[in-house]
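Topology and contacts: notes
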Amino acid sequence: MDKEQNNSTARKNRDKKRAARIAAPFLCCLFLLAVVAFIIPLRPTVSMTEKRELKKFPEFTAESLVSGDYFDGISTWFSDTFPGRETWLSVNTRINELHGLNKNAVSYSSAMVAEEIPDAPTDLSQLEELPELPEPSMAVQVNKDGTLGADVNEEALFGNCIQLDGAAYEFYGFNKNLLDYRAKFINEFIDKLDDPSVRVIDFPVPSGVGVMMSDELLEKIGCSDQNKAIEYMFSIERPEVLKINAIPSMKEHNYEYLYYRTDHHWTAVGAYYGYKAFCEAAGFEPSSLEDDFVFKDMGKFLGTFYASSTKPLSLIPDDMETYYPKENITHRARDGQMNEIDEELILDVTDYNESAKYSCFLAGDQPMSILTNNDLPDGPNCIIVKDSYGNPFSIFLAHNYHKVYAIDYRKMSSALSWYIKEYDIDDVIIAESMSMTQGEDALFLIRDMLN
Amino acid sequence: MVFSNLLFLYAFLPLSLLVYFFCPNRKAQNVSLLVFSLIFYAWGEPKYVLLLMFMALVSWFCALRVDRAEDRKKARLWVIAAAVVDIGLIGFFKYSGFICSVFGEVPKFIRKVALPIGISFYTFQLLTYVIDIYRGEAEAQESYWNVLLYAALFHQCIAGPIVRYKTVAQELFEHREPELVSGIRRFALGLGKKALLANPCGAIADSLMLTAAAASDPAALAENLRLISSVTVLEGWMGLLAYALQIYLDFSAYSDMAIGMGRMLGLHYLENFNYPYISRSVGEFWRRWHISLGTFFRDYVYIPLGGNRCSKPRMIFNLFVVWALAGLWHGASWNYVLWGLYFFVFLMLERLFLGKWLDKLHILPHIYALAVCLFGWLIFRYTDLRCAEAWLRSMFAMNGNALTSFVAETTLENNIFLLAAAILCSTPALRRIYESISRAVQGRALAGVWEVTVSCVVPVALLLLSTCALVGDSYNPFIYFQF
């Protein structure tokens, strides 16, 4: 009896030990990661790929404790700043790729609406019938240094990302109401300016879908035809406005690398062809990409679509190819309080984080960039009202002007009339990207500048 | 706190396991379990942990009175007292708004009443406690803390399974043997099911079918109907399928994790799901879906009402009541009641004549049962039934909507393997494969390798992969969380 009991106890102990050995790896993994999770210094505070600050540990208040918000905040903080976050996320992206075929992808943050583009009206009086525009519900804040605090960026729009065969595009949808108002403000600006010696030039910058996509594909994905949209826009602007549509000439080169595959911007080459179309219409002699520039490849670039796409691994990575002008062009960056510093014309971003390389052009989005072409002291001066598409474009533009005042309407809010008089401006170029024309925020910002 | 959350996985669970296994005896282990369970509950609901403790107090008190009552009549009164308090409280916190809306305006103070997490689960558990004592199937607990532990145990307090007192009483309070290995396996399986299958399916369902928040906003009804009516036929079916998969995988994963954690400590809860989507009839579906709820209603409502041992009209009435209540349990809204009654109709039909036909056929019963369940989820998802109707019409191109679109086809292409895997995991196929391999390698050299694979490699892999999925995962809802 005793021997049986001893045997069974011995067997039980053996089984227990065996169970412990088998259970060990899982438990070790669990406890190891738990320990790592509590090493606070290992926790990241910022996400480079998502371009945001990660959640902070919540502040303790009695109300938040009772309502449960304090604990919720801790939970969120714990997950959001988990050590090794970028690695876990990149593995997760790979796991998600296993969900399906991933040849194409659509990711959208808001409904993709494309209205019918009406035939061009012959009568501009319809614009006078437009009611007063109500102010936006979220007032655009101005920071202490004069820059704008508004969250006006392209992120909200290029959240609508369509991916086909390794390249991504931002959805473009025609919105008649917004474009009618836009034309109205430009037309009114001519009167406010009251100076026929200053040319007002409307140069809407096309986005990838407008130039790179065939008509069949456009129809399939339900995007509006940007060329037709631009023609409509021009048809309701006054004859005094110089209207430049770069799409037809850019389309002739769309077999070249004009737009990034992983980013919503155009490449330097794309900007160059836009510049060429500009020159032809504005009566300038364009520079030559082969002769007047020094080429520099700054390495792999993974742009905004890489972060917002659901299947980023199907995207073919980009190269940050830049062209340094041989001319003597200097760049001064100015903030909202008139403080100026010297900046690179094109920053060398070869060693930068792969997602940040577009900031090489004009060293990022400055509130105001003043480009001076020292080889053209008698040249004309221009103001270009721009967003981030204007950065590489302004660099090419400096070939034909003595001074280019590039004002980022998303970062600086000031009436143009003062600048026009102060700086002896000959051309005012409105280079708003077609992407931004889809948004109400840009409309208000441009309106405030056209004064 | 939810199980599929990094704070739970890497703070709460390891700490609770560590403290538990360092406890020298069962009493100390139970104390640690109770403390951690109260922390777990209070973490999500700092105020309402007191409600939980109060309800347990009432149940503990009444159960003791039942035990010591002189006669059945007095004992019955104490049961009724406990039931009145428990159901009264859940009625107030969960259904007051609904009840008021039946009669007219919902007063402001009622609208502010919040739904404490898990109240539907722990209330039912406490009811089974008192009733089981009355039925003589268990003995009343002298210690309040033990009753509280039974109700608040974090494994199943928030989202089931509804564990009956007599199921766990012995293991909780007398003797239990931990089964770490099988517990870990089950827990890891549930975690993987939730993070790697249920959540992505849910993302598809939400992107196609409107999020629950958007759909229940009455102000947005016109806009919602417009969106639903323009959904393509392909998206209509895909969305509903993804939702049906999500709700099953989500809920069964939660039960898996609860059962797994219980087993780790030596507590054996009954199975809550048994591959419901392979059912051949609606009756069978409800014997395989949320089993603990079905058996609760059977044993504590249906049978006391008379069950099927009475006249046919009475039996139909009993079934009607049970299914209306079962539907209502899922949510304080008419669509849930309708959902319950929707099943009542089919169950009736099956009992009357349909069941006999189904027995004779092979494939058709499966298609029939799946179709009934699938369309049932439509009623479940949309509190405003006009949305459900619109969705149904879109599924059959009756809204003038297109068959397909670029976006719809792309969504399908990019999720085809995920949906296939989710469907596979809703069937016993993988389990059968596991069982046949286990049988084949028994007693041979490969048995050791197989065991290490299944019990070490797979759980660790699932843990790590699930962690990848949960990091920075903004999408981690738990559908039954509104209970």
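Predicted model only: the values in this text are computed from it and were never measured. (Residues numbered from 1 in each chain as written. Chains lettered and ligands numbered in written order. Predicted model: local features only at pLDDT ≥ 70, side-chain atom pairs only at ≥ 80, totals over all residues. Heavy atoms only, no water.)

**Description of the overall build of chain B**
Within chain B one finds 21 helices and zero strands. For a compact globule of 483 residues, the expected C-alpha radius of gyration is about 23 Å, and chain B comes in at 23 Å, within 12% of that figure. By principal-axis analysis of the C-alpha atoms, chain B measures approximately 70 × 65 × 50 Å. In chain B, which comprises 483 residues, the proportion classed as buried is 57%. Residue pairs in contact within chain B that sit at least 24 positions apart in sequence constitute 78% of those at least 6 positions apart. Accessible surface, chain B: about 20,300 Å² in total, of which carbon and sulfur atoms supply 67%. Side-chain charges in chain B split into 40 positive and 32 negative, and the spacing between the mean points of these groups amounts to 6 Å. (Helix = DSSP H or I, 4+ residues; strand = E, 2+ residues; numbered from the N terminus. Rg over C-alpha atoms; globule rule 2.2 N^0.38 Å. Buried < 20%, exposed > 50% of the residue type's maximum accessible area, 1.4 Å probe, protein only. Contact = heavy atoms within 4.5 Å. Areas by Shrake-Rupley, 256 points an atom, 1.4 Å probe, with all protein chains shown as cover. Lys, Arg positive; Asp, Glu negative; His and termini not counted. Charge placed at Lys NZ, Arg CZ, Asp CG, Glu CD.)

**Concerning the overall build of chain A**
Each helix and strand in chain A was counted, giving 15 helices and 15 strands. By residue count, 53% of the 451 residues in chain A fall in the buried class. Of all intrachain contacts in chain A linking residues separated by at least 6 positions in sequence, the fraction that spans at least 24 positions is 74%. Counting only carbon and sulfur atoms, one obtains 52% of the accessible surface of chain A, whose full area is about 20,800 Å². When the 42 positive and 73 negative side-chain charges of chain A are each reduced to one mean point, those points stand 14 Å apart.

**Concerning the pairing of strand β5 (residues 167–170) of chain A**
Residues and elements named next belong to chain A. The side-chain alternation of β5 yields two buried faces, one formed by Ala167 and Tyr169 and the other by Ala168 and Glu170. Relative to β5, strand β4 (residues 161–164) runs antiparallel, the two being bridged by four bridges. Within β5, the position partnered with Leu164 by the bridge is Ala167. As consecutive antiparallel partners, β4 and β5 are separated by two residues, and within that stretch Asp165 has a phi angle of approximately 50 degrees, a positive value. (Pairing = 2+ DSSP bridges.)

**Some thoughts on the interface of chain B and chain A**
Taken together, the 43 residues of chain B in the interface contact 48 residues of chain A. Buried surface at the junction of chain B and chain A, summed over both partners, amounts to about 4,100 Å²; 76% is from carbon and sulfur atoms. At the junction of chain B and chain A, the tally comes to one salt bridge. The partner of A:Arg18 in a salt bridge is B:Glu451, with the nearest N and O atoms 2.5 Å apart. Applying the counting rule to chain B against chain A returns nine residue pairs in polar contact (both at pLDDT 80 or more). Residue assignment for the side of chain B that touches chain A shows that the elements contributing at least two residues are α1 (6–22), α2 (26–44), α9 (180–209), α19 (406–425) and α21 (446–470) of chain B. Among the elements that line the side of chain B that touches chain A, the one with the most residues is α21(B), at 11 residues. (Buried area = accessible area lost by both parts, 1.4 Å probe. Salt bridge = Lys/Arg side-chain N within 4 Å of Asp/Glu carboxyl O. Polar contact = N/O pair within 3.5 Å; in protein donor to acceptor, adjacent residues only side chain to side chain.)

**As for the packing of aromatic side chains**
All names here are of chain B. Applying the stated criterion across every chain yields a total of 92 aromatic pairs over all chains. An angle of 75 degrees between the planes, with centres 5.9 Å apart, marks the rings of Phe124 and Phe297 as edge-to-face. Separated by 173 residues along the polypeptide, Phe124 in helix α6 (residues 119–134) and Phe297 in helix α14 (residues 291–305) bring together distant segments of the chain. Per residue, the accessibility class of Phe124 equals that of Phe297, and both read buried. Ring centres of Trp237 and Phe396 lie 5.5 Å apart, and the angle between their planes is 80 degrees; this geometry places the pair in the edge-to-face category. (Phe/Tyr/Trp six-rings, centres within 6.5 Å; stacked < 30°, edge-to-face > 60°.)

**A look at the side chain of B:Glu171**
Structurally, B:Glu171 can be placed in helix α8 (residues 165–173). Non-local contacts of B:Glu171, meaning those with residues more than four positions away in its chain, are made with B:Arg26, B:Arg176, B:Gly266, B:Leu267 and B:His268.

**Remarks on helix α18 (residues 385–395) of chain B**
All names here are of chain B. Buried within α18 are the following residues: Cys387, Ala388, Ala390, Trp391, Ser394 and Met395. Projection of α18 onto a plane perpendicular to its axis shows the buried side chains occupying an angular sector of 165 degrees, all on one side. The inward-facing, buried residues of α18 contact α9, α11 (221–229), α12 (233–265) and α17 (364–381). Of the residues flanking the start of α18, the one acting as N-cap is Asp384, its side-chain oxygen 3.0 Å from the backbone nitrogen of Arg386. Two residues or fewer past α18, Ala397 is found with a positive phi of approximately 60 degrees. (Arc of directions from axis to C-beta.)

**A look at the environment of B:Ser292**
All names here are of chain B. Note on placement: Ser292 falls in helix α14. Note: C-alpha distance between Ser292 and Asn272 (20 residues apart in sequence) is 5.7 Å. Among the polar contacts made by the side chain of Ser292, one reaches the side chain of Asn272 at a distance of 2.8 Å.

**A look at the pairing of strand β10 (residues 329–334) of chain A**
Residue and element names in this part refer to chain A. Both β10 and strand β12 (residues 368–373) contribute to a ladder of six bridges, which runs antiparallel. Counted as the bridge partner of Arg332 is Ile370 from β12. In this structure, β10 lies alongside strand β11 (residues 340–343), joined through four bridges in antiparallel fashion. For His331, the partnering residue across the bridge sits in β11 and is Glu343. In textbook terms, the turn of a hairpin is the stretch between consecutive antiparallel strands, and for β10 and β11 this stretch comprises five residues, one of which, Met338, has a positive phi near 70 degrees.

**Comments concerning the packing of α1(B) against α21(B)**
All names here are of chain B. Two numbers describe how α1 lies on α21: the axes approach to 10 Å, and their chain directions differ by 125 degrees. With respect to α21, the element α1 is oriented oblique. Note on element contacts: α21 touches α1 through Leu463, Thr467 and Leu470, opposite Leu6, Leu9 and Tyr10. Residue classes in the contact of α1 with α21 are distributed as five nonpolar, one polar and no charged. (Axes fitted to C-alpha atoms, helices over the stretch in contact; angles between N-to-C directions. Parallel < 35°, antiparallel > 145°, perpendicular 65-115°, else oblique. Nonpolar A, V, L, I, M, F, W, Y, C, P; charged D, E, K, R; others polar.)

**Here we look at α21(B)**
If you check α21(B), its first and last C-alpha atoms are 34 Å apart, about what 25 residues at 1.5 Å a residue would give, namely 36 Å. In α21(B), a bend of some 35 degrees at B:Thr453 exceeds every other bend along the element. Residues B:Val454, B:Ser455, B:Cys456, B:Pro459, B:Val460, B:Leu462, B:Leu463, B:Ser466, B:Thr467, B:Cys468, B:Ala469 and B:Leu470 constitute the buried set of α21(B). Packing partners of the buried residues in α21(B) comprise α1 (2–38) and α4 (85–97) of chain A together with α1, α9 and α20 (429–441) of chain B. (Expected span 1.5 Å × (residues − 1). Bend = angle between axes of the 7 residues up to and from the residue.)

**What to know about the side chain of B:Asp299**
Mapped onto the elements of the fold, B:Asp299 is located in helix α14. Leave out the neighbours within four places in its chain, and B:Asp299 touches B:Arg135, B:Arg164 and B:Pro304.

**Observations concerning the state of the cysteines**
Residues and elements named next belong to chain B. Inspection of the entire model under this criterion finds zero disulfides over all chains. This cysteine, Cys157, is not joined by any disulfide, and Cys62 carries the nearest cysteine sulfur, 19 Å off. Free of any disulfide, Cys201 has its nearest cysteine sulfur in Cys425, 9.7 Å distant. When its relative accessible area of 0% is taken as the criterion, Cys201 is described as buried. (Disulfide = S-S within 2.5 Å.)

**Notes on the sheet that holds strand β6 (residues 199–202) of chain A**
Backbone-to-backbone hydrogen bonds pair the strands of a sheet. The strands run either parallel or antiparallel. Overall, mixed pairing links the eight strands, which are arranged β7-β6-β15-β13-β14-β12-β10-β11 (chain A) in an open sheet. Where the open sheet ends on each side, the last strands, each with one partner, are β7 (242–243) and β11 of chain A.

**Considering the nonpolar core**
Formed by 190 residues in total, the largest nonpolar core has its most connected members in B:Phe8, B:Tyr10, B:Phe187, B:Trp289, B:Trp377 and B:Trp391. With 17 residues, α12(B) is the single largest residue contributor to this core. Apart from residues no more than four positions distant in its own chain, B:Phe187 is found in contact with A:Phe26, B:Phe8, B:Leu9, B:Leu13, B:Asp256, B:Met257, B:Gly260, B:Met261 and B:Met264. Grouped together as the second largest cluster of nonpolar side chains are 112 residues, A:Ala183, A:Met213, A:Val269 and B:Phe406 included. (Core = buried A, V, L, I, M, F, W, Y, C linked by side-chain atoms within 4.5 Å.)

**A closer look at unusual backbone geometry**
Its identity is not glycine, yet A:Asp165 carries a phi of approximately 50 degrees, on the positive side. Looking at the element boundaries, A:Asp165 is found in the loop between β4 and β5. A positive phi angle, close to 50 degrees, is found at B:Tyr275, a residue other than glycine. Topologically, B:Tyr275 is positioned in the loop between α12 and α13 (282–288).

**Some details on the confidence of the model for chain B**
Residues and elements named next belong to chain B. Across chain B, pLDDT averages 90, with 97% of residues at or above 70. In the model, residues 475–483 has pLDDT below 50 throughout and makes 47 contacts with residues more than four positions away in sequence or in other chains. On the interface metric, ipTM, the complex scores 0.88, and its pTM is 0.81. (pLDDT = per-residue confidence, 0-100.)

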